[in-house]
Amino acid sequence: MNIFPILLCGGSGTRLWPLSRKSYPKQFVPLVGEETLFQASARRLSGSGFAPPTVLTNADFRFIVTEQLAGAGIDPAGVLIEPEGRNTAPAVLAAALWLEKSDPDGLMLVAPSDHVVPDAEAFRAAVEAGRGAAEAGKLVTFGIRPTRAETGYGYLELAEVPADFTPRPLALERFVEKPDTARAEEMLTSGQHLWNAGIFLFKVSAILQAFRAHAPDLVAPVEAAVNQARPDLGFLRLDPEAWAGAEDISIDYAVMERADNLAVVPFDGGWSDLGGWDAVWREGDRDDRGVATAGHATAIDCDDTLLRSEDETLEIVGLGLKNTIAVAMSDAVLVADASRAQDVKQAVEALKAKKAKQATSFPKDHRPWGWFECLVMGDRFQVKRILVHPGASLSLQSHHHRAEHWIVVSGTAKVTVDDQVKLVSENESIYVPLGAVHRMENPGKVPMVLIEVQTGAYLGEDDIIRYEDVYARG
């Protein structure tokens, strides 16, 4: 029997600002290694014994999800679009109800898509160790052997101190909320507690029975959202009106802390939820003075410090730093004491309060056809760099307030301006007058890059009238 992986992919990861933002969160970023966290998670839950994954995400991320899965060579079983974030309980319930239609007794493995597990084979072995208990109707969770007195995680208290941490189903006594430092030290010393990884394995029928027993008020709205879902370009959009009636609650609170048929499989193979820059520092390659660097970063006489430059044109240099986090991007820089890594979300809230776009918007605006970034903006003009994927096409559109001048710098563009269609190659340009109905396509086999110069009284992204769009955007 194959296991059905369920990847939860809707979080915003504000504690990893400025690299992770609401418009492009940490799961889509290559924080550790060459692949993104999402790609690594999908690959970890694929291969022998696993069915193609099902992904739950939101509308803004749907094309990023499919693009990154394609980049990893993985074809999903389905992508369910949540109309709004309602936490993990409604998401898991929706996935279970969707799977029930095809395999009510199948096993589903629920996992966040933004965790780091260096030893994928060891993790798959732990999943296999929990299979028997899940097939017998247990709700299996996975606990990580703690390596430090961590206050940023919830814990799982075992019914007894295990002789070792070999992966096998153990009795779970209770869930423990994120502790203070003293309590975390006690639990680390006791040997009877594991970190709560938020990863679960259970039969579809077993988790549905648990929801109906312990969170019955969730079932009706989520079931209606699934039953009234509509296909959209290969995605499945859950019904927004029904979904809005579901409580915003985690699966731990809704079901796990109330159920009595629980088991926990310990895992000792390395794990991190990358919940802050301190975790990224721990997972990174550090020198003998505890310094980790990434990108165009240079450390001079530093200790226990993380330096990252996420912009190839920007050099970051640390001189005489200790216990410091410094992350530089083209539009924002974070400098923090390492002990305050969990407080980075306060910076995001402060930026939101002053209405700074850096709080939520990524420098590159990712779209289903590619991405664009603003290079220069001034009074009545803006310059963008635009990349269009092979075979992709922007919508047929017009603007009320701006004209555009396109200069192709790489590849070939197929350009429509009113009733004219022409190919524009490298070092060629074309002018799009105010109000003209136009479209840009990449008919080639390589990415097409162009520079766009906008001029006009208003240059906002909402000045778009769409007439045709292959991505079905409004």
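Residues numbered from 1 in each chain as written. Predicted model: local features only at pLDDT ≥ 70, side-chain atom pairs only at ≥ 80, totals over all residues. Heavy atoms only, no water.

1. Quick word on the overall build of the protein
Consideration 1: What the protein contains, in helices and strands, is eleven helices and 28 strands.
Consideration 2: Against the 2.2 N^0.38 benchmark of 23 Å for 474 residues, the protein shows a C-alpha radius of gyration of 24 Å, consistent with a compact globule.
Consideration 3: Summarising its shape, the C-alpha atoms of the protein cover approximately 75 × 60 × 40 Å along the three principal directions.
Consideration 4: Scored against the burial criterion, the 474 residues of the protein give a buried share of 51%.
Consideration 5: Taking the contacts inside the protein whose residues are at least 6 apart along the sequence as the reference set, 69% of them involve residues at least 24 apart.
Consideration 6: Element-wise, carbon and sulfur atoms account for 49% of the exposed surface of the protein, whose accessible area totals about 20900 Å².
Consideration 7: Separation of charge centres in the protein, based on 46 positive and 67 negative side chains, amounts to 2 Å. (Helix = DSSP H or I, 4+ residues; strand = E, 2+ residues; numbered from the N terminus. Rg over C-alpha atoms; globule rule 2.2 N^0.38 Å. Buried < 20%, exposed > 50% of the residue type's maximum accessible area, 1.4 Å probe, protein only. Contact = heavy atoms within 4.5 Å. Areas by Shrake-Rupley, 256 points an atom, 1.4 Å probe, with all protein chains shown as cover. Lys, Arg positive; Asp, Glu negative; His and termini not counted. Charge placed at Lys NZ, Arg CZ, Asp CG, Glu CD.)

2. Here we look at the domain arrangement of the protein
Consideration 1: Examined at the domain level, the protein breaks down into domain 1 (3-267), domain 2 (277-354) and domain 3 (364-468).
Consideration 2: Between domain 1 and domain 3, the C-alpha centre-to-centre distance is 40 Å. (Domains from an automatic or database assignment.)

3. Observations concerning the UniProt feature "domain: MannoseP isomerase/GMP-like beta-helix" (unreviewed entry) in the protein
Consideration 1: Mapped onto this numbering, the UniProt entry gives "domain: MannoseP isomerase/GMP-like beta-helix" (unreviewed entry) at residues 297-351.
Consideration 2: The distance from the first to the last C-alpha atom of residues 297-351 is 25 Å, and the span holds 15% helix and 42% strand. (UniProt positions renumbered as here; feature names shortened; annotations may be inferred.)

4. Details of the pattern of salt bridges
Consideration 1: For the coordinates displayed, the defined rule picks out 27 salt bridges.
Consideration 2: Residue aspartate 278 is joined to arginine 282 by a salt bridge in which the shortest nitrogen-to-oxygen separation is 3.9 Å. With aspartate 278 and arginine 282 both in helix H10 (residues 277-283) and four residues apart, the pair spans about one turn of that helix.
Consideration 3: Accessibility expressed as a relative area gives 25% for arginine 282, which makes it partly exposed.
Consideration 4: Its salt-bridge partner being lysine 322, residue aspartate 303 comes within 2.9 Å of it at the nearest N-O pair. Linking aspartate 303 in the loop between strand E13 (297-300) and strand E14 (305-309) with lysine 322 in the loop between strand E15 (316-319) and strand E16 (324-328), this pair joins segments that are 19 residues apart in sequence. (Salt bridge = Lys/Arg side-chain N within 4 Å of Asp/Glu carboxyl O.)

5. Brief notes about the nonpolar core
Consideration 1: Ranked by size, the top nonpolar core spans 91 residues in total, and within it Leu31, Leu109, Phe142, Leu201 and Trp277 carry the most contacts.
Consideration 2: No other element matches helix H4 (residues 120-135), which puts five residues into this core.
Consideration 3: Those residues in contact with leucine 201 that lie beyond four places of it in its chain are Ile3, Leu107, Met108, Leu109, Val127, Gly130, Arg131, Ala134, Lys138, Leu139, Val140 and Phe142.
Consideration 4: Ala225, Leu236, Trp243 and Ala246 belong to the second-largest nonpolar core, a separate cluster that totals 53 residues. (Core = buried A, V, L, I, M, F, W, Y, C linked by side-chain atoms within 4.5 Å.)

6. Some points on unusual backbone geometry
In most cases, non-glycine residues show a negative phi, while peptide bonds are predominantly trans.
Consideration 1: In this model, tryptophan 17 is joined to proline 18 through a cis peptide bond whose omega is 10 degrees.
Consideration 2: Relative to the helices and strands, proline 18 is located in the loop between strand E1 (3-8) and helix H1 (37-44).
Consideration 3: Despite not being glycine, aspartate 301 has its phi angle at roughly 55 degrees, a positive value.
Consideration 4: Note that aspartate 301 resides in the loop between E13 and E14.
Consideration 5: Backbone geometry at aspartate 418 places phi at a positive 55 degrees, although glycine is not the residue there.
Consideration 6: Residue placement: aspartate 418 occurs in the loop between strand E23 (413-417) and strand E24 (420-424).
Consideration 7: You can call aspartate 418 partly exposed: its relative accessible area is 45%.

7. Section: the pairing of E1
Consideration 1: Counting buried positions along E1 yields six of six residues, so the element is predominantly enclosed.
Consideration 2: Bridging between E1 and strand E4 (residues 107-112) involves six bridges; their strand directions are parallel. Each residue of the ladder has a partner; that of phenylalanine 4, found in E4, is methionine 108.
Consideration 3: As paired elements, E1 and strand E2 (residues 54-58) share three bridges and run parallel to each other. When the sheet's bridge partners are listed, leucine 7 is paired in E2 with valine 55.
Consideration 4: The parallel pair E1 and E2 is bridged by H1, and the resulting crossover is right-handed. (Pairing = 2+ DSSP bridges. Right-handed = clockwise from strand over helix to strand, strands pointing away.)

8. Observations regarding the environment of leucine 194
Consideration 1: Relative to the helices and strands, leucine 194 is located in strand E8 (residues 193-203).
Consideration 2: Its relative accessible area of 0% is what places leucine 194 among the buried residues.
Consideration 3: Leucine 194 sits 70 residues away from valine 264 along the chain, and the two C-alpha atoms are 9.3 Å apart.
Consideration 4: Apart from residues lying up to four places away in sequence, leucine 194 is in contact with Gly143, Ile144, Arg145, Pro146, Gly154, Tyr155, Leu156, Leu158, Phe165, Val264 and Pro266.

9. Side note on the sheet that holds E14
Consideration 1: Strand order in the open sheet formed by four strands is E12-E14-E16-E17, and the pairing between neighbours is mixed. Because the sheet does not close on itself, it has two edges, and the strands there are strand E12 (291-294) and strand E17 (333-337). Strand-to-strand, the axes of this sheet are offset by a mean angle of 5 degrees, without reference to chain direction.
Consideration 2: Bridge count for E12 against E14 is four bridges, and the pairing is parallel. In the sheet register, valine 291 faces E14, and the bridge partner there is threonine 305. (Axes fitted to C-alpha atoms, helices over the stretch in contact; angles between N-to-C directions.)

10. Thoughts on the side chain of glutamate 150
Consideration 1: Note on placement: glutamate 150 falls in the loop between strand E5 (139-144) and strand E6 (155-158).
Consideration 2: Only 2.8 Å separates the side chain of glutamate 150 from the backbone nitrogen of glycine 152, close enough to count as a polar contact.
Consideration 3: In this view, glutamate 150 contacts Tyr155, Pro179, Ala184, Trp195 and Arg282; residues no more than four positions away in its chain are not counted. (Polar contact = N/O pair within 3.5 Å; in protein donor to acceptor, adjacent residues only side chain to side chain.)

11. Concerning the packing of helix H3 (residues 88-100) against helix H7 (residues 216-227)
Helix packing for two helices is described by the angle between their axes and how far apart those axes are.
Consideration 1: Running from N to C, H3 and H7 point in directions that differ by 55 degrees, and their axes come no closer than 9 Å. As the angle between them shows, H3 and H7 are arranged oblique. Relative to H7, H3 is oriented so that their crossing is right-handed. Contacts between H3 and H7 involve Ala89, Pro90, Leu93, Ala94, Leu97 and Trp98 from the first element and Leu218, Val219, Val222, Glu223 and Val226 from the second.
Consideration 2: The residue makeup of the contact of H3 with H7, split by class, is ten nonpolar, no polar and one charged. (Parallel < 35°, antiparallel > 145°, perpendicular 65-115°, else oblique. Left-handed = near helix turned anticlockwise from the far one by under 90°. Nonpolar A, V, L, I, M, F, W, Y, C, P; charged D, E, K, R; others polar.)

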